[in-house]
Amino acid sequence: MLKYILKRLGIAIPTLLILIVFSFVLMRVAPGGPFSSERPLPPQVLANVNAKFGLDQPWHIQLWEYLVGIITRFDFGPSFAYTDRTVNDIIMQGFPVTLTYGAWAFVLAVLIGCALGIAAAVRHNTWLDYLAVGTSIGAQVLPNFVMAPLLVIVFTLWLGWLPGGGWRGGQWPYVIMPVIALGTSYMASIARITRSSMLEVLSSNFIRTARAKGMPATHVIVRHALKPALMPLLSYLGPAFVGMVTGSVIIDVFFSTGGIGQLFTNSAFNRDYSVIMGITILLGALTISFNLLVDILYAWIDPRIRY
Amino acid sequence: MTMLEVTDLSVSFRTQAGTVRAVDKMNFSVAPGQTLAIVGESGSGKSQTVMAAMGLLANNGEVEGSVKFDGRELIGMKSGDLNKIRGQDMAMIFQDPMTSLNPYLRVEDQMVEVLMFHKNMKRKEAIDRSEEMLKTVHLPDPRRILRRYPHELSGGQRQRVMIAMALLCDPKVLIADEPTTALDVTVQAQMLKLFAELTDKFNTALIIITHDLGVVAGLADEMMVMYAGRVVEKGSVDELFYDPRHPYTFGLLHSTPHVQQGRDRLAPIKGLPPNLTNLPPGCAFNPRCAFRFDRCVKERPALIVREHNRLSACFYEGEMTEHDMEEDLVHDREKDVAAT
Amino acid sequence: MVLRPIRVQAAADPIDVNDANYEVSTKARSLWADAARRFFGHVPSVISLVVLILVALFAFTGHFFAVWSNAEIDWSVLGNVRVAGAPSLETGHFFGTDDLGRDLYSRVVQGSQISLMVGLVGAGIAVIVGTLYGAVAGYFGGRVDSIMMRFVDIMLSIPYMFVLILLLVVFGRSISMLFVGIGLISWLDMSRIVRGQTLSLKEKEFVEAARAGGAGHFTIILRHIIPNLLGIVVVYATLLVPQMILTESFISFLGLGVQEPLTSWGALISQGAGTVMYGTLWQLLFPLFFFIITLFSFYFVGDGLRDALDPRDR
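Conventions and cut-offs
- Residues numbered from 1 in each chain as written.
- Chains lettered and ligands numbered in written order.
- Predicted model: local features only at pLDDT ≥ 70, side-chain atom pairs only at ≥ 80, totals over all residues.
- Heavy atoms only, no water.
- UniProt positions renumbered as here; feature names shortened; annotations may be inferred.
- Helix = DSSP H or I, 4+ residues; strand = E, 2+ residues; numbered from the N terminus.
- Rg over C-alpha atoms; globule rule 2.2 N^0.38 Å.
- Buried < 20%, exposed > 50% of the residue type's maximum accessible area, 1.4 Å probe, protein only.
- Contact = heavy atoms within 4.5 Å.
- Areas by Shrake-Rupley, 256 points an atom, 1.4 Å probe, with all protein chains shown as cover.
- Lys, Arg positive; Asp, Glu negative; His and termini not counted.
- Charge placed at Lys NZ, Arg CZ, Asp CG, Glu CD.
- Salt bridge = Lys/Arg side-chain N within 4 Å of Asp/Glu carboxyl O.
- Domains from an automatic or database assignment.
- Buried area = accessible area lost by both parts, 1.4 Å probe.
- Polar contact = N/O pair within 3.5 Å; in protein donor to acceptor, adjacent residues only side chain to side chain.

In the nomenclature of an unreviewed UniProt entry, chain C is known as Oligopeptide transport system permease protein OppC of Pelagibacterium luteolum. Annotation of chain C in UniProt includes, under Sequence similarities (unreviewed entry), the sentence "Belongs to the binding-protein-dependent transport system permease family. OppBC subfamily."

The name given to chain B in an unreviewed UniProt entry is Oligopeptide transport system ATP-binding protein, and the organism recorded there is Pelagibacterium luteolum. Recorded under Sequence similarities (unreviewed entry), the UniProt text for chain B is reproduced unchanged: "Belongs to the ABC transporter superfamily." Here is the UniProt Subcellular location (unreviewed entry) comment for chain B, exactly as written: "Cell inner membrane".

(A) Here's a closer look at the overall build of chain B. On a plain count of helices and strands, chain B comes out with 12 helices and 12 strands. Relative to a compact globule of 340 residues, whose C-alpha radius of gyration would be 20 Å, chain B shows 21 Å and is just as compact. Principal-axis analysis of the C-alpha atoms gives chain B an extent of 75 × 45 × 40 Å. In chain B, which comprises 340 residues, the share counted as buried stands at 55%. Of the contacts formed within chain B by residues at least 6 apart in sequence, a portion of 64% connects residues at least 24 apart. For chain B, the exposed surface amounts to about 15,000 Å²; the carbon and sulfur share of it is 49%. Once the 40 positive and 47 negative side-chain charges of chain B are each reduced to a mean point, those two points are 6 Å apart.

(B) Structural detail: the pattern of salt bridges. In this structure the tally under the stated criterion is 32 salt bridges over all chains. Between Asp170 of chain B and Arg129 of chain B there is a salt bridge, with its nearest N and O atoms 3.6 Å apart. Of this pair, Asp170 of chain B sits in the loop between α6 (155-167) and β7 (173-177) while Arg129 of chain B sits in helix α4 (residues 123-136); the two residues are 41 residues apart in sequence, bridging distant segments of the chain. Several salt bridges converge on common partners, so that one network encompasses Arg223 of chain A together with Glu108, Asp109, Arg123 and Arg147 of chain B.

(C) Structural view of the domain arrangement of chain B. Residue and element names in this part refer to chain B. Looking at chain B, the domain boundaries give domain 1 (4-220) and domain 2 (226-339). Placing the centre of domain 1 and that of domain 2 at their C-alpha centroids yields a distance of 30 Å. At the interface, 23 residues of domain 1 touch 18 residues of domain 2. Here domain 1 and domain 2 share an interface that buries about 1,500 Å² over both sides, 64% of which is from carbon and sulfur atoms. It is Asp24, Glu41 and Leu213 in domain 1 that bury the most area against domain 2; as a group they hold 36% of the surface buried on that side. At the surface where domain 1 touches domain 2, the tally comes to 3 salt bridges. A salt bridge links Asp24 to Arg300, with the shortest nitrogen-to-oxygen separation between them at 3.9 Å. Run the count over domain 1 and domain 2 and you get 6 residue pairs in polar contact (both at pLDDT 80 or more). For the side of domain 1 that touches domain 2, the secondary structure elements donating two or more residues are β2 (18-30), β3 (35-39), α1 (46-54) and α8 (213-219). For the side of domain 1 that touches domain 2, the leading source of residues is β2, giving 8 residues.

Structure (structure tokens):
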């Protein structure tokens, strides 16, 4: 098990390093960046950047400084657009917002998706099954940037129940639509995956054995079918997590929640490279750790995998 | 006294290609301590017969007829009541020990749940009883086996676990669906010995499904040969082995290697089993039959009583020899039949 | 192979066991003919295919019917888009106008072109690069395989959407940069799938036979492995097209993709969504309609192809 974890770490750590180096190189070569002299930067910013990277230093020393800063102090350096703020300040402003509705969306998508998928498989070929299949097909073509405006049309324009944007410190009317818009398509995918793997498990030989032993139906499902049926879902959680992290950019922009995605796009338009890099690396680290966690969980749950 | 009585049991499946009748009007019964073998090629409906009896058919399967266990009708029984019989009074052993045990649960967990559910045992007590049963099926070091996951056991060990699991509640009827097919030959022999020993010890009625006549010879009292969902011949093992009355039984016997007789070559049955959605007219076996004549293509032979307790479904009344199976002779003889 | 009676009424004649009464039908249809028959027997797939053809026709011939060009501003509706810019046959704005008074019909036609192009080119790159990469990794196996697939693993665990945006920001927003960016990531999954298939294919007898016959590695890969992968590649490519369209739409929704006056479904949806509050719903619904039916159809066609080419589930 330890060997397996080390092996996974052997992928995770280089990935993260490659991501950081790649981002840094991009920033160095970027036209109009602080390292080129095309665009006059505010003197204060230039001073900040100089203090951080040492503009007269060769690039590998600068990269080293950047890496060491991130790894030891979690320090992403100064902003290239704002004179008085660091990247960390900016990220910390938006991160809690995204984390709040992102976590809700993720948890609800997994819970509802699982429940729907299991129910559909157990009641195979009934109206419940058709409903679940129909929903999941429909939601497949309703990604977050389609869901968001449709939700606003219905709940804000027609019904007038919910505000069309804003955050207000995370009061619940402001959280609902972001959560639904972000989570729906993943909920549908999770339902589809759970349903088909549950159907496969339910028709497997060991379930037949359990039934032949006279085990009651609920016991067969909970005790015998649930764990194997949820394994494929576990491997989907990684991609779902990445998808939601990415989708949050849309949500933040569309609902003006002030989350990390909004900061990201603002910085993209402002060419605030260090913020873009900081956010990319942070979210990269987040997804890589999450995938690592899922991999370890997978190996831990499936008794057949022992490394 | 019969333990399990099957009357006019039919099984059909709704498929995209229409309704397929996998089993057609089966009748048989087994008594305690007796062993019945159901023999046939794959697709002959032998497995579906017992699946129907156990209520384990796939969702698109439909059952007609009656299956009585100890006088109680199982077909149409409420699942709660059926669950009290399954695993307790009627137990089943499956073909493939690799996939028939839950890979995610320890042997222990899969065994004790049977006792906890049917016998209301406490876990501790159930573990002791399971250990005892593993000893009965000659598994060494049962305590350690209990803590194992199925993938950590060999094929033979897994099948022994399956058997032990089926015997936990001293079932009155034990159904074994190709219990030795997936195992090595040496392990097969051990398993057969184990079955013989156990039916003797517990006075269990055993139904064994197989396509291996070696298994039948070593174990069964009675045998029933199925072809295309119907019984074509039924009787005691000795009678059927030494004096088969149906060309299919005859063919099966002659396509099986035999140590004592030491045949030079085997005579396989030509052709393939028929497609159940599109059975040939008349006798389902006729396209492959070496003894067929014009009546066989027009009419379906009924399963009729021959002498004492023997049944067979064939129009041909003459002698069958191995010689008849050779092609040129078959051809000549058919001309003779047609000429008369 | 099916045994079936062909001359039942003649049974009174002597029966010739060899072949007279029963024929063994062994005529093998080719895999592709068989798949086509299955595919066209499946109604949803066929309808979806027709829809896709219609969308493509709309995208590439729609401009012949347009009254206004996609960049022209109808000054008469400006300032009163909510009423004067509504869809109407009389004004020639079949789909209405956008909030700048440009003809939405022309813009949707033009946006459909871009979105379909991105989808097809992205999937095309994935097919070529992914198939070759995966086939080479799978065929050679061992160290080559583990290094090549480790690289794919690393690429896959990078949040590519952010990297893509990073690229677009650094190198300027342009359609060609978008193609490069999408091309960079689209082939990764494909290469994994192809590698898995190749691993099992290379053990097959015909590959062994080719090797015994002295064929070189790359001849074997190109002549024997890849043709046998086509089925799964076709299916996966069909499912990749909507994913590429989604990716492009995502980027364009953020305003980082295609630049004006060019547009795409994502950009149009974004603009339509931005003006939803002013009651000009058509600006969202027309591009959304084309976007949704196209995605739907690609998924259905992909599913249909999968069932047709891989009939194991039946």
